[in-house]
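Spelled out, the chains give:
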Amino acid sequence: MTRLAFLLALAFAAAITLPLVAPGYLVDVGMLVFFLAFIGQSWNISGGFAGQTSFGHAVFFGTGAYTSTILQITFGWNAWLAWPAAMLAGAIVGWIIAVLSFRAGLRGSYFALITLAFAEAFRILANSLSFTHAGLGMLIKADPRPANFQFKDPIWFYYLALALCIVSLLIAWQLTRGRLGSRLVAVRENEDAARALGIDVFAEKVKALSLAGAIAAAGGTFYAQKYLYIDPNIAFGVDKSIEMLLVTMVGGAGTIFGPLLGALALTGINEVTRTLASVVPAFKNVQPLSLIVYGVMLMLIVGRLPDGLARLFRRVDRHA
Amino acid sequence: MLDPGILFAGVLNGLLAGGVYVLVAVGLTLIYGVLHIINFAHGSLLMLAMYAVFFLWRLTGVDPYAALPIVIGGAFVFGYILYRLVIGRLSHGRDENILLITLGVSIVIDNVALLIFGGDTQTIETPYASSFVELGAALLPLPKIISFVASLLLCIVLGLFLARSDTGKAIRAVARERQGARLVGIDVDNIFALSYGIGIACLGAAACLLMPTYYVTPSSGHAFVLVAFTIVVLGGMGSFAGAAVGGLVIGVIESLGGLLLGEQLGQIGISVVFILILLLKPSGLFGARQ
Amino acid sequence: MLEVSGISKSFGGLKAVDGVSLDVQAGEIVALIGPNGAGKTTLFAALAGFHRPDAGRIVFDGRDIIGLPPHRICAAGMVRTFQITQPFAKITVRENIMVGAYLRIDDRSKARDRAEAVAAQVGMAAQLDRFGADLTVAGRKRLELARALATGPRLLLLDEVMAGLNPTEITEIVEVIRAIRASGVTILLIEHVMQAVTSLADRAYVLNQGRMIAEGTLAEIAGNPAVVEAYLGHGAAEVLRA
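As the structure is a prediction and not an experimental result, all values here were calculated from the model.

What counts as what
Residues numbered from 1 in each chain as written. Chains lettered and ligands numbered in written order. Predicted model: local features only at pLDDT ≥ 70, side-chain atom pairs only at ≥ 80, totals over all residues. Helix = DSSP H or I, 4+ residues; strand = E, 2+ residues; numbered from the N terminus. Rg over C-alpha atoms; globule rule 2.2 N^0.38 Å. Buried ≥ 20, exposed ≤ 12 C-beta atoms within 10 Å, placed from the backbone. Contact = placed C-beta atoms within 7 Å. Pairing = 2+ DSSP bridges. Expected span 1.5 Å × (residues − 1). Nonpolar A, V, L, I, M, F, W, Y, C, P; charged D, E, K, R; others polar. Axes fitted to C-alpha atoms, helices over the stretch in contact; angles between N-to-C directions. Parallel < 35°, antiparallel > 145°, perpendicular 65-115°, else oblique. Left-handed = near helix turned anticlockwise from the far one by under 90°.

Participant: Give me the overall build of chain C: which residues, what numbers.
Facilitator: Secondary structure assignment for chain C yields 10 helices and 10 strands. Scaling as 2.2 N^0.38, a compact globule of 242 residues should have a C-alpha radius of gyration of about 18 Å, and chain C matches this with 18 Å. Overall, chain C is about 60 × 40 × 35 Å in size when its C-alpha atoms are taken along their principal axes. Looking at the 242 residues of chain C, the share that counts as buried comes to 46%. Looking at chain C alone, contacts between residues at least 24 apart form 64% of all its contacts between residues at least 6 apart.

Shown next, in the form of structure tokens:
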């Protein structure tokens, strides 16, 4: 208990002070870690805790990004106001996909594949319809004022990502300590036993996917505000879905810190290969290396170490 | 309303495209039927085979059709080894775990391809690429007709192999009842690896037939994954007849979708079919049960 | 408390349960016995809402519960255990039992207290921090019992909680079940261990090939020729009598 608290306090202090002492690019890297950890936690809630493996979480991310962007551009909303609306949209999409899929009795691989198809359908729609500006993507007009959810200094995006990450950790922590989380885990471990013990398995899965949808959608809006541009492939592409799955599976599905550890490791490997690529001419194109490493880690973890990197921290994690 | 001539041409073109889809889907359904593995790496392995065809042509000048035996053989060996060394060893537990293993395989293959081949789009130039055959109102590209006929011939060969040869019978026995097959002395693990190899060999063939009219990039696999899964789910997981019919149906749906809804929105037909089948009849048209 | 009348359930033409009736009074321990394949577990699954019977009525506490999903039946106060134990493998015994406790308790620390109390009741206090996957057969059986008990049921359906246990373990669990009854929980149990049935049950029903062939006190049943034949084969009753 005390050791964990000490470690967390230390990590928090480091995270707070990093932008004040580190060069600018590290601030961006740190922002990326917290952002990835945040959207990874969305996957973790439905895929890790509730055990419903999704291959299409980008459907929520993209819904969030497009909802807030359209509300701003087309309807003139303030970005901060559009944010909760985006989360609501993500939750609704999660609810609809869950109700349809789980009513039809889809489980396991079938559920994973139908989420993939939903994300693909959304990507194609965003790529074809005029109100999403089709394949052109959507550009948010740069007007860097905090009131617009745009910041001149990237430090503020860093702190915002850090705050989001902490919120997501708190949500996961609450899950491990409460009735909802207990039920989600029971559903993951054994649906029949869960049912016999009075758990409405269908309802719990729907809750998990709706919550996951809201969180990933919040990440989508954050992304849109940070880069001021989204297009169908960025928002709904397979890569985003896989990224959320990977950081969580590698870090440790169903654990509080899994997505954060996975995001740290993925971003770390990414930075190493990027530096390598820029410093050593022979390694000009080694960037895919990070995903190769991650693909291998995914296979090893699923095949050999199902609890992910977080297993190494299990003792600490469990008695949080 | 669309001109009937255009519609006719659309249906024919869709059927022709569907021929290769059948080959891709037969490989997927074979692997599922025998191993109960949903091979998410299917698209990536197809992409790899397409690069093999491309480099054979580029480096040695071998025509894609002449490359058929080489690429089929190479794909079989690659699939066999991949199963023995990686997939067979890591696959256990829940079915989504096995799906995640093959996802890992596809991530590795896609990015290795990106690392080695770069992100450029590669195409093959053949003298017959722009030959057409006129059929009523429809103008059909010759390579697509060749690929359609060749696909169906290869499927028949595979069907005969499964029906007649001893190995084929062993494969069917394992698909039906793996414990029983083990009891009568069939080396089930070897049959698994062989079946996986054969499934990938189908991709080798499909790659040779696709390359004269198609292009390849490291992300080419993505385009085929959902198509292949849709066909197999539509026809019923593990069903050969289903894969054959499903492949042609999806080819036509894709072609007509493009005609009716435009090139971008037309692609949505596949995802929608996939979603509807899973929601309404997950056993597919020919499958007994999920 | 529980009135079952005329329950039938077929699987693909095979009648697993055929017009079965039984009743359980509050405070009783009633045993359901019969040879393997008699349809006992199928009947339990129907009672607990896991599959809907083709015909018949199930009234629990004056309320028709046919067609209710398992979680509603559990919430109404009737909970089953599984013959093939189904522990939540990757969480601890404490967390396993808490899943049950959360049915009626929202607060975490209260749910934990309840789980620990139930664990003590079934003799698992020392194993609270073990993982579900690491338990022995006896441990898993107790965990089934504990989880079900933690939901605060009024009627417990116990499906062979003693199968695979050694005599010492059986004696222990018989005591546990007796104490559960004393705490006011009614029990319907499927059991093959006759020593346990005779020492626990007030009454028993005998199911054979999907039909109820006898009911009554254990003495009555032991003397029933149909029961003897069901267990030992046709003609056995006359041989024994001779």
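Participant: An account of the overall build of chain A is needed here, citing residue identities and associated values.
Facilitator: When its secondary structure is counted, chain A shows 14 helices and two strands. Taken over the C-alpha trace, chain A has a radius of gyration of 19 Å; the compact-globule value for 320 residues is 20 Å, and the two agree within 12%. Dimensions along the principal axes, computed over C-alpha positions, put chain A at roughly 55 × 50 × 40 Å. Taking all 320 residues of chain A together, 56% fall into the buried category. Of the contacts made within chain A by residues no fewer than 6 positions apart, 75% connect residues no fewer than 24 positions apart.

Participant: Could you give me a rundown of the pairing of strand β2 (residues 132-135) of chain B, with the residues and numbers involved?
Facilitator: With four bridges joining them, β2 of chain B and strand β3 (residues 138-141) of chain B adopt antiparallel strand pairing. Residue pairing across strands places valine 133 of chain B opposite leucine 140 of chain B, the latter belonging to β3 of chain B.

Participant: I'd love a proper account of helix α12 (residues 258-279) of chain A, names of residues and values included.
Facilitator: An α-helix turns once every 3.6 residues. As a result, residues three or four positions apart point the same way. Residue and element names in this part refer to chain A. With 22 residues, α12 extends 31 Å between its outermost C-alpha atoms, agreeing within 8% with the 32 Å of an ideal straight helix rising 1.5 Å per residue. Listed in full, the buried residues belonging to α12 are Gly258, Pro259, Leu260, Leu261, Gly262, Ala263, Ala265, Leu266, Thr267, Asn270 and Thr273. Against the buried residues of α12 lie α2 (24-49), α6 (154-177), α11 (238-251) and α13 (289-304).

Participant: How would you explain the interface of chain B and chain A if you had to name every residue and give the values?
Facilitator: Tallying the contact residues gives 35 residues for chain B and 37 residues for chain A. Mapped by element, the contributors of at least two residues to the side of chain B that touches chain A are α3 (68-90), α4 (95-117), α9 (220-235), α11 (263-266) and α12 (268-280) of chain B. A total of 15 residues in the side of chain B that touches chain A trace back to one element, the largest contributor, which is α4 of chain B.

Participant: Could you give me a rundown of the interface of chain A and chain C, with the residues and numbers involved?
Facilitator: On the side of chain C, 23 residues touch chain A, which itself brings 17 residues to the contact. Listing elements by their share of the side of chain A that touches chain C, those giving two or more residues are α7 (179-189) and α8 (191-196) of chain A. When its residues are assigned to classes, the side of chain A that touches chain C shows six nonpolar, four polar and seven charged.

Participant: If you had to explain the environment of valine 174 of chain C to someone new, which residues and values would you point to?
Facilitator: Residue and element names in this part refer to chain C. Assignment of secondary structure puts valine 174 in helix α6 (residues 167-182). What makes valine 174 partly exposed here is the crowd of 17 C-beta atoms within 10 Å. Separated by 21 residues in sequence, valine 174 and glutamine 195 have C-alpha atoms that sit 9.8 Å apart. Ignoring anything within four residues of it in the chain, the contact list for valine 174 reads Ala196, Ser199 and Leu200.

Participant: Let's hear about the environment of leucine 135 of chain C: which residues, and what values?
Facilitator: All names here are of chain C. Relative to the assigned elements, leucine 135 resides in the loop between α4 (108-121) and α5 (137-150). What makes leucine 135 buried here is the crowd of 20 C-beta atoms within 10 Å. Taking the C-alpha atoms as reference points, leucine 135 and valine 174, separated by 39 residues in sequence, lie 20 Å from one another. If near-sequence neighbours (up to four positions away) are discounted, leucine 135 is found in contact with Pro87, Arg130, Arg140 and Leu143.

Participant: An account of the sheet that holds strand β10 (residues 211-216) of chain C is requested, with residue identities and associated values reported.
Facilitator: In any sheet, the strands associate via hydrogen bonds between backbone groups, in a parallel or an antiparallel arrangement. All names here are of chain C. On the basis of which strands lie adjacent, the open sheet formed by six strands has the order β6-β7-β8-β3-β9-β10 and mixed pairing. Edge strands, defined here as strands with exactly one partner in the open sheet, are β6 (78-80) and β10. Each strand of the sheet is rotated relative to its neighbour by a mean of 15°, with strand direction disregarded. As paired elements, strand β3 (residues 29-33) and strand β9 (residues 203-208) share four bridges and run parallel to each other. Within the sheet, the bridge partner assigned to leucine 32 lies in β9 and is tyrosine 205.

Participant: How would you sum up the packing of helix α2 (residues 42-60) of chain B against α4 of chain B? Please name residues and give values.
Facilitator: The angle between the axes and the distance between the axes are what describe a pair of packed helices. Residue and element names in this part refer to chain B. In the contact formed by α2 and α4, the axes pass within 8 Å of each other and the chain directions differ by 30°. As far as their axial angle goes, α4 and α2 are roughly parallel. α2 and α4 meet at a crossing whose hand is left-handed. Contact residues: α2 offers Gly43, Ser44, Leu45, Met47, Leu48 and Tyr51, while α4 offers Ser106, Ile109, Asp110, Ala113 and Phe117. Of the residues that constitute the contact of α2 with α4, the class distribution is seven nonpolar, three polar and one charged.

Participant: Quick rundown of unusual backbone geometry? Include the residues and the values.
Facilitator: Residues and elements named next belong to chain A. Here histidine 133, not a glycine, exhibits a phi torsion of approximately 60°, which is positive. Tracing the backbone shows histidine 133 in the loop between α5 (108-128) and β1 (138-139). In this model, leucine 228 sits at a positive phi of 55°, which is unusual for a non-glycine residue. Looking at the element boundaries, leucine 228 is found in the loop between α9 (201-227) and β2 (229-230).

Participant: Tell me what's going on with the packing of α5 of chain A against α4 of chain B, and back it up with residues and numbers.
Facilitator: Contact pair α5 of chain A / α4 of chain B: the axes reach a minimum separation of 7 Å and the direction vectors enclose 50°. Between α5 of chain A and α4 of chain B, the angle falls in the class oblique. Listed contacts from α4 of chain B to Gly108, Ser109 and Ala112 of chain A of α5 of chain A are Asp95, Glu96 and Leu99 of chain B. Its residues assigned to classes, the contact of α5 of chain A with α4 of chain B comprises two nonpolar, two polar and two charged.

Without other data, these values stay purely geometric and don't point to any function.
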